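Residues per chain are reported as follows:
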Amino acid sequence: MATSSAAPRAPRRVGWGQRLSRWDIKLSPYLYISPFFVLFAVFGAFPLLFNVVVALHDWHRRAGMGDFVGLDNFTWVLRQPLFWRSLENTFSIFLWGGIPQLVLALLIAAILDQNLRARTFWRMSVLLPFVVMPVATAMIFGQVFGQFGLLVPNLQDMGLMTHVDSPFFQDRLLSHVAIGSMVVFRWTGYNALILLAAMQAVPRELYEASTVDGASRMRQFFSVTLPSIRPTMIFVVLTMTIGGLQIFDEVRMYDGGGTGGGNGGADNQWTTVVLYLYNLGFGDWQDRLGQAAAVGWIFAVVIGVFSLVNFLLTRSISSSSTRTPRVSKARRDAVIARARVAAAESERRAREAGVPTIIGRTSTSDASRPPDTGRAADADRSREGVTR
Amino acid sequence: MSTGFIENTAGAGAARYAQKRAATGRPIRSHNPSTRRPGWVTYALLAVVFAVSVFPLYASAMYGSSSTQEISRAVGTLPRFFPTLTLLENFGEVLSASQFNFWMAFGNSVLVAVAVSASTVFFSTLAGFSFAKLTFRGRQALYLTVIATLAIPAQVGTIPMFVMMNDFGWIDSLLALTVPGLVGAFGVFWMTQYLQEALPFELVEAARVDGASMFRTFWSIAMPAARPAAATLALFTFVGSWNSFFWPAVVMRSQLTMPLVIPQLRGAFTTDTGLVMSGVFLVAAPLLVVFVLAGKQLVSGVMAGAVKG
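Here the structure is a predicted model, which is why all the values come from computation and not from measurement.

Looking at the overall build of chain A
Reasoning step 1: Check the secondary structure of chain A and you find 16 helices and 2 strands.
Reasoning step 2: By the burial criterion, 39% of the 388 residues in chain A qualify as buried.
Reasoning step 3: Pairs at least 24 apart in sequence give 70% of the contacts found in chain A among residues at least 6 apart.

Given below as C-alpha cells:
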C-alpha cells in the first residue's frame, strides 16, 4: 500500500470491500470469542454476584425477594447443626471416595502402562463406568448394599455383621464407605487413563538407566514414575477436589429417592452440603432460598481453601520424592572416590606384578577389592561430610 | 570384565546387571514399561477391573430379569446370571408406565444433549480459532480469564440461577437446560489447545491472501482442521449433558429428562425391584450404545486432555 516512489500520487481510494476487510480483521477475533463471554457473564459471573444479593435477603421461591436481613442468613446457617454435620459428611465421603480412587488409579495406570495385548479393549473397559449415569449407579449400589443385597447377608453369615437392617444405610461411617465406593467406581478409570497418558510421556531412557543402576520395579515406580507425573497428579487431585466436594447425584439416589428417601438418611447420616443446599431451597418442607444462597457462598470459600491446601499438599508430597537426587549425588561422589582409590590400588599392584597397566585387565581381578579399599572409601566419604 | 571392578566403579546395581548379563549371555530384560510383555497376573488383574466395570449394569439387567419372589429368595447373591425374556417384558412396562412418559424424557434428553453438544462445538471452535490463530489486544488476558473460570464450583450459583430462570419463565422448560450450556470454558480451552498445534499459520495466511473473509477462513480452514478434537468435545459434552441430574432436578417439574426418570421409578413400581432395576438399565443403556460405538475416541480424548491439561 505505502509507495516510496518520489513522484506524488493521488491517494488511492479505499474501496468498500477493503474497508470491510479491515473491520473484518479488527473485529472478528472479538466477535468469535464473544459468545463464550456473553454466556459466562449471564450464567456464570452474574449469578455469583447475584448470589450475594439473595443471601442478604429473605427470599422464597414464589414470593421472590423479601426483606433485607443483612448477615442473618449466614449466622443462621452457621448455627445449624445439620450444616456442620453435612460438612463433615461431605469431607468424609470425599476421603472415602478420593484416597482409594487415587491409589487404585495409579495402580491401574501402572498396569496399563505395559506392552499389553488387546490394549484398546482394556482401556475402554476401564473407562466404561464414566459413562454410566451416576443416579443409575446409585440405585444399583443401593440395591447391592441393601439388606437383601449381595454384601450384607454374606457378611452376616461370616459373623462380621449382626445388624438386622443394612448397616450401610444405618451406620454413618459405613454409608460414607458405600457412597465413596460409587465415586471410586465412577472416576478411578477416568483418572487412571489420565495418569497413564502422563506415564507414557516419561522418557523411556530413565527406565533403562535406572535398570542398569539396579533399581527394582517398585523402586522405579516410586523414584522415576511418580516424580515424573507430578503435574498430572496435581491436576487430578485438584479436579477431584472441586468435583468431589460437590457430590449430589449419588447421595440423592442412594436410598432410591422414593417416599421419604433422597434426603441423606433418617438421621442425615450421608447428607452432603450440596444436598443440604438443595433441600433448603427446593425440599418439600422448606423454601429458604436466602439461607441456601448463604450455604452456597460459605461452601465456595470452603472449596477454595481446601483446593489450595490440596494443591500445596500434592505438590510437597510429590516433590519430596524428587529430592532423592541429592542423596544419589552424594553417593555418586563416594563411588567416584572409591573407584579412584581402587584404580590406584590395582595400578600399583599391576606395576608390582609387571603386567601392562590397562585398567581393569589385571590378572588379580578376582580379588579386585583389597581389604583396605573399603576403609579408604569410608575415609573419603567422611571427609566429604557425606552422611547416609 | 570383573563384576568386582564394576561394583567399585559403577555401583552395586550395575555389578548385579553385569553378573546377570554374563550368566545369560544377553542383555537382561529391562523394566522399561513400554516393551515389557506382561504375564498372566497382569491380565488377571485387568479381568477383575473389567468385571467391576461391567458389574453394575450387568447386575441391573439380572435383577430386571427376575420376579420379586426370585429376588427375595436370592439373598446374598444375584437372582440369576443370564438374562431372560422377563427383562423385555419389564422394559415394555417401563416404556408404557402411566406415572411418567419414558419416550418424552428420552426425546427431551436427546434434544438437549444434541443442541448443547452442537452449539458447544461450534462456539468453542470459533473461540479457539480466535485465541489460537488471530492476534488482537488483550488476547492473553482474556484467555487466562477463560481458564480461571474453569475453577469456579458451578453448583454455588444454583440459587441465583434458579431465581433467574424463574424470572425468565424457564422453569420446567428445556431452555433452562440448554441455554446456560451452549458453550463452556472447558470447550474453549480444549479447542484452543488443539488448534494451536493442528492448524499451521501458513494455512490461515494463505486463505487470507486468497481473499477469504475471516469467517470463510474459519469455516473452510479451521473447522476441518479441528475435526478430531471437535468430535471428542462433542462426545464429552453429550455424555455430560445426558447424565446431568442436579440442575435438571432443580429447574424441571413435569418435563423429565432421562436421569429424572430414575427417582420416578420407586414411586411408580414401589417394591417391585425387578421392574425398578429394568428401568434403571433402560435409562443407562443408550450411553452404553454410544460407548460401544465411540468408546475408543473417548479413551483417546481423556488421554489427550491429560497431556495438555
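So, the UniProt feature "transmembrane region" (unreviewed entry) in chain A
All names here are of chain A.
Reasoning step 1: With numbering matched to this structure, UniProt assigns "transmembrane region" (unreviewed entry) to residues 29–50, 93–112, 124–153, 173–198, 228–248 and 294–313.
Reasoning step 2: Span residues 93–112 is 100% helix and 0% strand, its end C-alpha atoms 28 Å apart.
Reasoning step 3: Measuring from the first to the last C-alpha atom of residues 228–248 gives 34 Å, for a span that is 81% helix and 0% strand.

A closer look at the UniProt feature "transmembrane region" (unreviewed entry) in chain B
Residue and element names in this part refer to chain B.
Reasoning step 1: The sites that carry the UniProt feature "transmembrane region" (unreviewed entry) are, in the present numbering, residues 40–59, 102–129, 141–163, 169–191 and 274–294.
Reasoning step 2: Between the end C-alpha atoms of residues 40–59 the distance is 27 Å, and the span holds 100% helix and 0% strand.
Reasoning step 3: When the span residues 274–294 is considered, its composition is 100% helix and 0% strand, and the gap between its end C-alpha atoms is 30 Å.

Quick notes on the UniProt feature "domain: ABC transmembrane type-1" (unreviewed entry) in chain B
Reasoning step 1: The positions that UniProt labels "domain: ABC transmembrane type-1" (unreviewed entry) are, in the present scheme, residues 106–294 of chain B.
Reasoning step 2: Structurally, residues 106–294 of chain B comprises 78% helix and 0% strand, and the distance from its first C-alpha atom to its last is 20 Å.

Here we look at the interface of chain B and chain A
Reasoning step 1: Taken together, the 93 residues of chain B in the interface contact 98 residues of chain A.
Reasoning step 2: Counting residues per element, the side of chain B that touches chain A draws most heavily on helix α16 (residues 273–308) of chain B, which supplies 15 residues.
Reasoning step 3: Broken down by class, the residue content of the side of chain B that touches chain A amounts to 60 nonpolar, 28 polar and 5 charged.

Overview of the nonpolar core
Reasoning step 1: Counting 161 residues, the largest nonpolar core has L127, A136, L193, L195 and V295 of chain A together with V280 of chain B as the members making the most contacts within it.
Reasoning step 2: Among the elements that line this core, the one with the most residues is helix α8 (residues 172–200) of chain A, at 16 residues.
Reasoning step 3: Not counting residues up to four positions away in its chain, the partners in contact with V280 of chain B are A136, M139 and I140 of chain A together with S60, I262 and L265 of chain B.

Side note on helix α12 (residues 214–225) of chain B
All names here are of chain B.
Reasoning step 1: Its 12 residues place the ends of α12 15 Å apart at the C-alpha level, agreeing with the 16 Å of an ideal helix rising 1.5 Å per residue.
Reasoning step 2: Those residues of α12 that fall on the buried side of the exposure criterion are M214, T217, F218, I221, A222 and A225. End-on view of α12: buried residues confined to an arc of 120°, all on one side of the axis.

A closer look at the packing of helix α6 (residues 102–133) of chain B against helix α13 (residues 227–243) of chain B
Residue and element names in this part refer to chain B.
Reasoning step 1: Where α6 meets α13, the axes come as close as 8 Å, and the angle between the chain directions of the two elements is 145°. Pair α6 / α13 crosses with right-handed handedness. Where α6 abuts α13, its residues S109, V112, A113, V116, S117, T120, V121, S124 and T125 lie against A230, L233, A234, T237, F238, S241 and W242.

Focus: the pairing of strand β2 (residues 64–68) of chain A
Look at any regular strand and the pattern is simple: side chains alternate between the two faces of the sheet.
Residue and element names in this part refer to chain A.
Reasoning step 1: With 0 of 5 residues buried, β2 lies mostly on the surface of the structure.
Reasoning step 2: Note that strand β1 (residues 57–60) and β2 share 3 bridges and pair antiparallel. The residue bridging W59 from the neighbouring strand is M65, located in β2.
Reasoning step 3: Taken together, β1 and the strand that follows it, β2, pair antiparallel across an intervening segment of 3 residues.

Quick look at the packing of helix α4 (residues 119–131) of chain A against helix α3 (residues 40–64) of chain B
The packing of two helices is summarised by the inter-axis angle and the distance between the axes.
Reasoning step 1: Relative to each other, α4 of chain A and α3 of chain B sit at 35°, their axes nearing to 8 Å. α3 of chain B is crossed by α4 of chain A, and the crossing has left-handed handedness. Between α4 of chain A and α3 of chain B, the residues in contact are W122, S125, V126, L128 and P129 of chain A and L46, V49, F50, S53 and V54 of chain B, respectively.
Reasoning step 2: Tallied by class, the residues present in the contact of α4 of chain A with α3 of chain B amount to 8 nonpolar, 2 polar and no charged.

Section: the environment of P263 of chain B
Reasoning step 1: On the secondary structure map, P263 of chain B appears in helix α15 (residues 258–269).
Reasoning step 2: By the C-beta count within 10 Å, which is 21 here, P263 of chain B ends up buried.

Regarding the confidence of the model for chain A
All names here are of chain A.
Reasoning step 1: Summing up the model confidence of chain A, the mean pLDDT is 81 and the portion of residues at 70 or higher is 81%.
Reasoning step 2: Across chain A, helix α3 (residues 81–112) holds the top mean pLDDT of 95, while helix α16 (residues 371–383) sits lowest at 42.
Reasoning step 3: Scored below 50 in pLDDT, residues 321–325 makes 6 contacts in the model with residues more than four places away or belonging to other chains.
Reasoning step 4: A low-confidence stretch, residues 357–388 (pLDDT under 50), is modelled with 46 contacts involving residues beyond four sequence positions or located in other chains.

Here we look at unusual backbone geometry
Reasoning step 1: In this structure, A118 of chain A is a non-glycine residue whose phi angle is positive, near 55°.
Reasoning step 2: Its place among the elements puts A118 of chain A in the loop between α3 and α4.
Reasoning step 3: A positive phi is found at D172 of chain B, a non-glycine position, where the angle reads about 65°.
Reasoning step 4: As for its placement among the helices and strands, D172 of chain B is situated in the loop between α8 (158–168) and α9 (174–178).

Concerning α3 of chain B
Helical periodicity: at 3.6 residues per turn, an α-helix aligns residues three or four positions apart in one direction.
All names here are of chain B.
Reasoning step 1: The end-to-end C-alpha distance of α3, which contains 25 residues, comes to 34 Å, matching closely the 36 Å that a straight helix rising 1.5 Å per residue would cover.
Reasoning step 2: For α3, the principal kink sits at F55 and spans about 50°; a proline, P56, occurs within the next four residues.
Reasoning step 3: Regarding α3, the residues found buried are L46, V49, S53, P56, L57, A59, S60, A61, M62, Y63 and G64.

Procedures and definitions
Residues numbered from 1 in each chain as written. Chains lettered and ligands numbered in written order. Predicted model: local features only at pLDDT ≥ 70, side-chain atom pairs only at ≥ 80, totals over all residues. Helix = DSSP H or I, 4+ residues; strand = E, 2+ residues; numbered from the N terminus. Buried ≥ 20, exposed ≤ 12 C-beta atoms within 10 Å, placed from the backbone. Contact = placed C-beta atoms within 7 Å. UniProt positions renumbered as here; feature names shortened; annotations may be inferred. Nonpolar A, V, L, I, M, F, W, Y, C, P; charged D, E, K, R; others polar. Core = buried A, V, L, I, M, F, W, Y, C linked by C-beta atoms within 7 Å. Expected span 1.5 Å × (residues − 1). Arc of directions from axis to C-beta. Axes fitted to C-alpha atoms, helices over the stretch in contact; angles between N-to-C directions. Left-handed = near helix turned anticlockwise from the far one by under 90°. Pairing = 2+ DSSP bridges. pLDDT = per-residue confidence, 0-100. Bend = angle between axes of the 7 residues up to and from the residue.

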